[in-house]
Amino acid sequence: MSMWKEYLIPFVGLKDGEHDYRFQINHSFFDHFPYSEIKDGNVSADVLMIKRPNMLTFEIRLNGKIELPCDRCGNNYSQELKENFKLVVNTEGETFNDEDDLVTLSSGTYEFDLSTYLYQYISLLIPSRRVCGEIPDPKKGCDPEVIKKLEKISSGKKNEEEKSSTDPRWEILKKIIPADRDKK
């Protein structure tokens, strides 16, 4: 079932051959995927559908930007996307068998919902390491304040509050350990 009618492509009644579609994907598209890391973006999807008697072939070109949270500082940054995908749809299947880029529709289906496939292809383009930039600069990279705090934490420096907050029970337990244990 489609989220919107604009991503439904009715193929019954179309002539065999090539048919062009263009979709603009923005924040309203990503809002329909509540567990997505992508909350905003502007991606154009140019789709060429080639219709044959028992098959549809979709050649999808994605180009644009999405907003992702930085793994280092947590701020959102813009990630560029540019990739081509191909999806083959069998329109005369008796059973519903899906593979990676091969979809079989049951007989009697007259339209194809492209929205989920567009979202999946965009999700495949999310890099495994997402960072604003290598330079701590709010205009070009990670937030310098967050980087300073991370460096302070990773250097092992503790402030006076943290030093005094040691649980006194540990000091008592240290007295129980025999002194010659460390020499063995």
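Before going into details, it helps to say that this report is about the structure given with it.

## Considerations on the side chain of Lys51
Here is step 1 of the chain: Within the secondary structure, Lys51 is located in strand β3 (residues 40-52).
Here is step 2 of the chain: Judged by relative accessible area, Lys51 falls into the buried class, the value being 13%.
Here is step 3 of the chain: In this structure the side chain of Lys51 is engaged in a polar contact, spanning 3.3 Å, whose partner is the backbone oxygen of Leu14.
Here is step 4 of the chain: The contact partners of Lys51, leaving out residues within four places of it in the chain, are Phe11, Leu14, Lys15, Asp16, Gly17, His19 and Leu56.

## Focus: the pattern of salt bridges
Here is step 1 of the chain: Considering all chains together, one arrives at six salt bridges under this definition.
Here is step 2 of the chain: With its nearest N and O atoms 3.4 Å apart, the salt bridge here joins Asp16 to Lys51. Here Lys51 lies in strand β3 and Asp16 lies in the loop between β1 (8-10) and β2 (17-25), a separation of 35 residues in the sequence.
Here is step 3 of the chain: Through salt bridges with shared partners, one network takes in Arg22, Asp46 and Arg61.

## Considering the sheet that holds strand β5 (residues 76-93)
Backbone hydrogen bonds are what pair the strands of a sheet, in a parallel or an antiparallel way.
Here is step 1 of the chain: Within the open sheet, the five strands sit side by side as β2-β3-β4-β5-β6. Their pairing is mixed. Where the open sheet ends on each side, the last strands, each with one partner, are β2 and β6 (102-106). Here the average twist between neighbouring strands, direction ignored, is 20°.
Here is step 2 of the chain: Sheet topology places β3 next to strand β4 (residues 55-69); 13 bridges connect them, and they run antiparallel. The residue bridging Asp46 from the neighbouring strand is Arg61, located in β4.

## Section: the packing of aromatic side chains
Here is step 1 of the chain: Here the structure, examined in full by the defined rule, presents nine aromatic pairs.
Here is step 2 of the chain: Here a set of aromatic residues connected by ring pairs shows up, and it is made of Tyr7, Tyr21, Phe23, Phe29, Phe30, Phe33 and Tyr119.

## Topic: the nonpolar core
Soluble globular proteins: nonpolar side chains tend toward being buried together.
Here is step 1 of the chain: Grouped together as the largest cluster of nonpolar side chains are 40 residues, with contacts concentrated most on Phe58, Phe112, Leu114 and Leu118.
Here is step 2 of the chain: Taken together, the elements giving at least two residues each to this core come down to β2, α1 (27-30), β3, β4, β5, β6 and α2 (115-124).
Here is step 3 of the chain: Ranked by residues supplied to this core, first place goes to β4 with six residues.

## Considerations on the state of the cysteines
Here is step 1 of the chain: Under the defined criterion, the tally for this structure stands at zero disulfides.
Here is step 2 of the chain: For the unlinked cysteine Cys132, the closest cysteine sulfur is that of Cys70, found at 3.6 Å.

Definitions and cut-offs
- Residues numbered from 1 in each chain as written.
- Predicted model: local features only at pLDDT ≥ 70, side-chain atom pairs only at ≥ 80, totals over all residues.
- Heavy atoms only, no water.
- Helix = DSSP H or I, 4+ residues; strand = E, 2+ residues; numbered from the N terminus.
- Buried < 20%, exposed > 50% of the residue type's maximum accessible area, 1.4 Å probe, protein only.
- Polar contact = N/O pair within 3.5 Å; in protein donor to acceptor, adjacent residues only side chain to side chain.
- Contact = heavy atoms within 4.5 Å.
- Salt bridge = Lys/Arg side-chain N within 4 Å of Asp/Glu carboxyl O.
- Pairing = 2+ DSSP bridges.
- Axes fitted to C-alpha atoms, helices over the stretch in contact; angles between N-to-C directions.
- Phe/Tyr/Trp six-rings, centres within 6.5 Å; stacked < 30°, edge-to-face > 60°.
- Core = buried A, V, L, I, M, F, W, Y, C linked by side-chain atoms within 4.5 Å.
- Disulfide = S-S within 2.5 Å.

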